[in-house]
Amino acid sequence: MALITLCDLCMSFGAEPLLDRVNLTVGPGERICLLGRNGVGKSTLMGIIDGDLLPDSGDVMRSQGVTVSGLAQGVPEDLHGTVFDVICRGMGPRGERLAAYRRLCDLNESGGGVVEDTHKKLMALQQTIDSEDGWQIQQQVERIISQMNLAVDGEVSTFSAGMKRQVLLAAALVAQTDILLLDEPTNHLDMAAIEWLETFLLKWRGTLILITHDRMMIRRLATRILEIDRGLIHSWHCGYDTYLQRSQERLEAEEKGNARFDKKLSDEEVWIRQGIKARRTRNEGRVRALEKLREIRRGRRDRTGRVRMALSEAERSGKTVVEATDLTFAYGDRTIVKNFSCIIMRGDRIGILGPNGAGKSTLIRLLLGELSPSQGRIKHGTNLEVLYFDQLRGQLDENKTVQENVSPDSDMIDVGGKRRHVIGYLKDFLFSPQRTRTPVWVLSGGEKNRLLLAKLFTRPANVLVLDEPTNDLDVETLELLEELLLEYSGTVLLVSHDRTVINNVVTSTLVFEGPGRVEGYAGGYDDWLSQRPVEVPPEAEKPVPGRDKKTVPPPATTRKKLGYMEKRELEALPGRIDSLEARQQELFQIMSDPDFYRQDGESIAAVKQDLAQVEQELESEFARWETLEARDDP
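Procedures and definitions
Residues numbered from 1 in each chain as written. Predicted model: local features only at pLDDT ≥ 70, side-chain atom pairs only at ≥ 80, totals over all residues. Heavy atoms only, no water. Helix = DSSP H or I, 4+ residues; strand = E, 2+ residues; numbered from the N terminus. Contact = heavy atoms within 4.5 Å. Areas by Shrake-Rupley, 256 points an atom, 1.4 Å probe, with all protein chains shown as cover. Pairing = 2+ DSSP bridges. Axes fitted to C-alpha atoms, helices over the stretch in contact; angles between N-to-C directions. Buried < 20%, exposed > 50% of the residue type's maximum accessible area, 1.4 Å probe, protein only. Lys, Arg positive; Asp, Glu negative; His and termini not counted. Salt bridge = Lys/Arg side-chain N within 4 Å of Asp/Glu carboxyl O. Polar contact = N/O pair within 3.5 Å; in protein donor to acceptor, adjacent residues only side chain to side chain. Expected span 1.5 Å × (residues − 1). Arc of directions from axis to C-beta.

Would you mind going over the overall build of the protein chain with me for this structure?
A count of helices and strands for the protein chain gives 20 helices and 20 strands. Residue pairs at least 24 apart in sequence account for 68% of intrachain contacts in the protein chain once pairs closer than 6 positions are excluded. Per element, the accessible surface of the protein chain, about 33,400 Å² overall, is 50% carbon and sulfur.

I would appreciate a short explanation of the sheet that holds strand S18 (residues 491-495) in the present structure.
Pairing between sheet strands relies on hydrogen bonds along the backbone, with the strands arranged either parallel or antiparallel. The six strands lie next to each other as S14-S17-S18-S12-S19-S20, forming an open sheet whose pairing is mixed. At either end of the open sheet lies a strand with only one pairing partner, and these are strand S14 (386-389) and strand S20 (517-522). Across this sheet, the average inter-strand angle for adjacent strands is 15°, counted without regard to direction. Here strand S12 (residues 349-353) pairs with S18 via four bridges, running parallel. Considered in S18, the bridge of Arg 349 is made with Val 492.

Can you help me understand the side chain of Asp 190 in this one?
Here Asp 190 lies in the loop between strand S6 (179-183) and helix H7 (191-203). Lys 360 provides the closest opposite charge to the buried, unpaired Asp 190, separated from it by 6.6 Å. Here Ala 193 takes part through its backbone nitrogen, which lies 2.9 Å from a polar atom of the side chain of Asp 190. Beyond its immediate sequence surroundings of up to four residues, Asp 190 is in contact with Gly 354, Pro 355, Asn 356 and His 497.

Looking at this structure, how should I read the pattern of salt bridges?
Side-chain pairs of opposite charge can arise where the charged atoms are in close proximity. Summed over the entire model, instances satisfying the criterion amount to 21 salt bridges. Notably, a salt bridge pairs Arg 215 with Glu 482, separated by 2.4 Å at the nearest N-O pair. Note that Arg 215 is positioned in helix H8 (residues 215-221) and Glu 482 in helix H15 (residues 475-487), a separation of 267 residues in sequence. A relative accessible area of 3% means that Arg 215 is categorised as buried. Note that Glu 370 is salt-bridged to Arg 365, the shortest N-O span being 3.4 Å. Classification of Glu 370 as partly exposed rests on a relative accessible area of 43%. According to the relative accessible area criterion, Arg 365 is partly exposed, its value standing at 32%.

Honestly, H7 in this entry has me stumped. Any pointers?
Residue pairs three or four apart in sequence face the same way in an α-helix, which turns once every 3.6 residues. The end-to-end C-alpha distance of H7, which contains 13 residues, comes to 19 Å, matching closely the 18 Å that a straight helix rising 1.5 Å per residue would cover. What H7 keeps buried is the set Met 191, Ile 194, Leu 197, Glu 198 and Leu 201. In a view along the axis of H7, the buried residues occupy a sector of 115°, so they form one face of it. H7 presents Ala 192 and Lys 203 as exposed residues on the side facing more than 90 degrees away from its buried surface.

Sorry if this is basic, but what is going on with the sheet that holds strand S13 (residues 375-380) here?
Strand order in the open sheet formed by three strands is S11-S10-S13, and the pairing between neighbours is antiparallel. This sheet does not close on itself; its edge strands, each paired only once, are strand S11 (334-345) and S13. Taken over all neighbouring pairs, the strand axes of this sheet differ in orientation by 15° on average, direction set aside. With respect to the sheet, helix H11 (residues 360-368) is in contact with strand S10 (320-331), S11 and S13, its orientation differing from that of S11 by roughly 50°.

Help me understand unusual backbone geometry, please; the structure alone is not making it clear to me.
Despite not being glycine, Asp 8 has its phi angle at roughly 50°, a positive value. Position of Asp 8 among the secondary structure elements: in strand S1 (residues 4-12). A relative accessible area of 34% places Asp 8 in the partly exposed class. Unlike most non-glycine residues, Arg 21 shows phi in positive territory, near 55°.

Function-wise, these values are silent; they only describe arrangement.
Laid out in structure tokens, this is it:
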């Protein structure tokens, strides 16, 4: 049974409709991902499903009793109250009663005693909460708050926009709802929080409709893909990789069909220009058919061109770009980095990973020389030309137009040694001539990121620093940015929580793994996961009472004596392990080469697969060695 049905839905905000006679059914238990370019109507469709927007025409039918809630892309200006209050408000009357009960309890504690009137209210609320099983809801709220590392009594009105979105996300996750709508939920979340969110949503029993640019999340969650393209919705009941293949086949078939149509129209236009003899009856039908062809062609919406990005590369920098030795830096009592050393060479593409607030942007500013370390030394190479993409987009003037931000004094700009009109250049970044004359503050987040990239790429550089450039960009633009960075011969420092971008682009990573501790690893995100130290479970660290934990003997087992072949196997294991470790180091060396990720995808995948196989064999050999040695001990 369908939970929501959309029939002949139309919605427009300009000359061309965002949604053009759309039909859609959403069933129970589906995990749907909405895909499409920035501005095609994904958030609009969600707003209609949520009931916040009314369509221009068409019907929205909901099954009786179906509830919908979710996370919007924006943040309300009037958001106030504690974290606990805001989350509970999103749960309706039961949540509001819990919030009121907590406030009264706090009021009593601060007043030093229970006032009779307050006591009566508390007792009444407590009875109501007991009757509707409200304490279980309180546990859910507190668990989500803890898992998302939020301050339960923090005043939300004082939070940053990113922190406010995290509170709103928590409110959406604890709501008892049939359909959960999440619009870019990974924005402002670090990788650990994103992984936790994925695990939470995999266990979600209701229906999920999700807008995200995180391809790893789409691959893990989506059971159905909805692609919005030129006002229409294409539904694919499959995973992300199968969708990519089928969508490409659809576009290729569309192109072939359009080519046949255009040839037929062209042939008929040639015929009509030759004139009709004596207005014969058999020709009048052909004229009417031609008029119909013209009408169809006028109504056809051709696919907008792709973003065309190009970097203007400056002269090559010196071989060594940055050399950091024993850096230490702190804000007051909080140490950001301690005794950190690294060498960044020309052509390196380095990803910087870590939790929110760990100090990733601070580390970049230290490496660039914008901050002075309290201890240690920074040495910069020669001939450095740096471009810095700031995640806060401080280089954009919100009150100026798109065109004025890129070229404030002239209609012409120099790009890569060529003179270009600014309108034509901005068209490469999918800004129409009309859009270039709008102020920046009306743009979407994805459009602002594209504009900042357009502004930066007019200047030549040999060091590119990108601090969260992937937020709000659609998947297609992300893939083009990846291609650009792979072809770039300069040095790249990239801060991003997009795991796919990190995997596809960087040659090594710097990871914040504790207060002041930054470790380096070869490869991308998946490579870091395979190389990082394995944490010992807390229960494994608990000592036995009265004994030192290092001397606790293993449980007693009945051991069978080694046979002849097993003894031979045990003797050969160290040599096999040495060979595998040598091969592992060889592969690490190959992957740390700056040119490694400039190869074709198949070659990169083959090396990564080889490394995974070697590491799996190593793990197996070590386990076998431990088993045989334990049995061989007298």
